[in-house]
Amino acid sequence: MTAPTLDILAIGNAIVDVIAATDDAFLSQEGMVKGQMQLIDAPRAESLYAGMGPGREVSGGSAANTLAGAAMMGASCGFIGQVADDQLGAVFVHDIRAQGIAFDVPARDASVPTGRCLVLVSEDGQRTMNTFLGAAQFLPTSAADRALVESAAVLLLEGYLWDPAEPRAAMQDAIRIARAAGRKVALGVSATFCILNHHADFVAMVEAGDIDILFANEEELVALAALDDFEAALAKIAKSVPILVVTRGADGAIAIENGTTRHEVAAEPIDRIVDTTGAGDLFAAGFLAGQAKGRSIADSLTMGAVAAAEVISHYGARPETDLNALVTARLG
């Protein structure tokens, strides 16, 4: 098998974020739970968009956000996702390619539009997300091209995309290809509801040894372990994955290596939290970029903390400051 030419190949939702400020009254009026994410259909997306305040459009999607950060930190990246042949699809394609990320999946017809996430940001920086997956949920199995998957040192899977049947089949094929080629597989579980909807699948992948790097936050970890105690959940899941990375918000993050070696990092200080959208995605970006560069687990955690701190200091889930410069200032 030839050496990989990509550091990270991700399969995820190709969506565009529409971000607007909000207040608690609007969230209550629209029946939303502050800080949570829900899937919506096309009519709901249209009605909610009409009621939102002035917004800005920024390419998003959890795995794509991770690649954007990792590419900025010097990792070579590729993306597999589905857009439609429409305006938002063109925005997504332009943005991801402009960041030097390989993306060649053909757009499908616009009968089902490109996915979008309507993100309402409260004054305290909490984001309430309403996601219409659109074309993203029709990613065909053929998109998991064997040569492309084999070309990447790490295959990153986005948990949000596990629900629709076609993308799930594409990811399952990609896992088999990656493992046969001796490549690593990383999984971001994405959200607690993803775990609750597909708990058996996620647990089976972990226990079968299909996942080399698992990303989760505290709430997601205890849901995956089906335990109430965080430390017990940490110990249970860490036994089955070579590297477990758990983010804890203001309390930093923990990585467990080979089930025994524990590393911890504090959250990086910032002046003010503006928007927490993408914090976990960018933490994964820093961590994976660090690993691609041969950094230690401890340094990779710090790179994740630096990237997460940058993205929560402004609106949107893509970095706006040179992450390489921030990492160099922090680690040398």
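If you look the protein chain up in an unreviewed UniProt entry, it shows as Sugar/nucleoside kinase (Ribokinase family) from Sphingomonas prati.

Peer 1: Looking at this structure, how should I read the overall build of the protein chain?
Peer 2: Per the secondary structure count, the protein chain includes 13 helices and 13 strands. Taken over the C-alpha trace, the protein chain has a radius of gyration of 18 Å; the compact-globule value for 332 residues is 20 Å, and the two agree within 12%. Of all 332 residues assigned to the protein chain, the portion counted as buried reaches 54%. Counting only contacts in the protein chain whose residues sit at least 6 apart along the sequence, the fraction spanning at least 24 positions is 73%. If you sum the accessible surface of the protein chain, you get close to 13300 Å²; carbon and sulfur atoms cover 50% of it. When the 22 positive and 42 negative side-chain charges of the protein chain are each reduced to one mean point, those points stand 5 Å apart.

Peer 1: Hey, could you run me through unusual backbone geometry in this one?
Peer 2: With the exception of glycine, the majority of residues adopt a negative phi angle, and the majority of peptide bonds are in the trans configuration. Positive phi, close to 55 degrees, is recorded for A226, a residue that is not glycine. Classification of A226 by relative accessible area gives exposed; the value is 57%. Positive phi values are uncommon outside glycine, yet N258 reaches one of about 55 degrees. Counting through the fold element by element, N258 comes out in the loop between β12 (253–257) and β13 (261–265). On the basis of relative accessibility, which here comes to 55%, the residue N258 falls in the exposed class.

Peer 1: Hey, could you run me through the sheet that holds strand β3 (residues 37–39) in this one?
Peer 2: Ordered by their spatial adjacency, five strands build an open sheet running β3-β7-β6-β2-β4, and the pairing between neighbours is mixed. The open sheet is flanked by β3 and β4 (55–60), the only strands paired with a single partner. Strand-to-strand twist of the sheet, defined as the mean angle between neighbouring strand axes without regard to direction, takes the value 20 degrees. Pairing between β3 and strand β7 (residues 127–134): three bridges, direction parallel. Within β7, the residue paired with M37 across the bridge is M129.

Peer 1: Quick question: what am I supposed to make of the pattern of salt bridges here?
Peer 2: A side chain with one charge may pair with a side chain of the opposite charge, provided their charged atoms come close. Per the stated rule, a full pass over the model turns up twelve salt bridges. Residue D212 pairs with R179 through a salt bridge whose shortest N-O separation is 2.9 Å. Placement of the pair is D212 in the loop between α8 (199–207) and β10 (213–217) and R179 in helix α6 (residues 165–180), with a sequence separation of 33 residues. Classification of D212 by relative accessible area gives buried; the value is 13%. R179 gets classed as partly exposed once you look at its relative accessible area, which sits at 30%. Between R262 and E264 there is a salt bridge; the shortest N-O distance is 3.0 Å. The partly exposed category is assigned to R262, whose relative accessible area is 34%. Residue class for E264 comes out exposed when judged on its relative accessible area of 55%. Through salt bridges with shared partners, a single network forms among D24, K34 and D124.

Thresholds applied
- Residues numbered from 1 in each chain as written.
- Predicted model: local features only at pLDDT ≥ 70, side-chain atom pairs only at ≥ 80, totals over all residues.
- Heavy atoms only, no water.
- Helix = DSSP H or I, 4+ residues; strand = E, 2+ residues; numbered from the N terminus.
- Rg over C-alpha atoms; globule rule 2.2 N^0.38 Å.
- Buried < 20%, exposed > 50% of the residue type's maximum accessible area, 1.4 Å probe, protein only.
- Contact = heavy atoms within 4.5 Å.
- Areas by Shrake-Rupley, 256 points an atom, 1.4 Å probe, with all protein chains shown as cover.
- Lys, Arg positive; Asp, Glu negative; His and termini not counted.
- Charge placed at Lys NZ, Arg CZ, Asp CG, Glu CD.
- Pairing = 2+ DSSP bridges.
- Axes fitted to C-alpha atoms, helices over the stretch in contact; angles between N-to-C directions.
- Salt bridge = Lys/Arg side-chain N within 4 Å of Asp/Glu carboxyl O.

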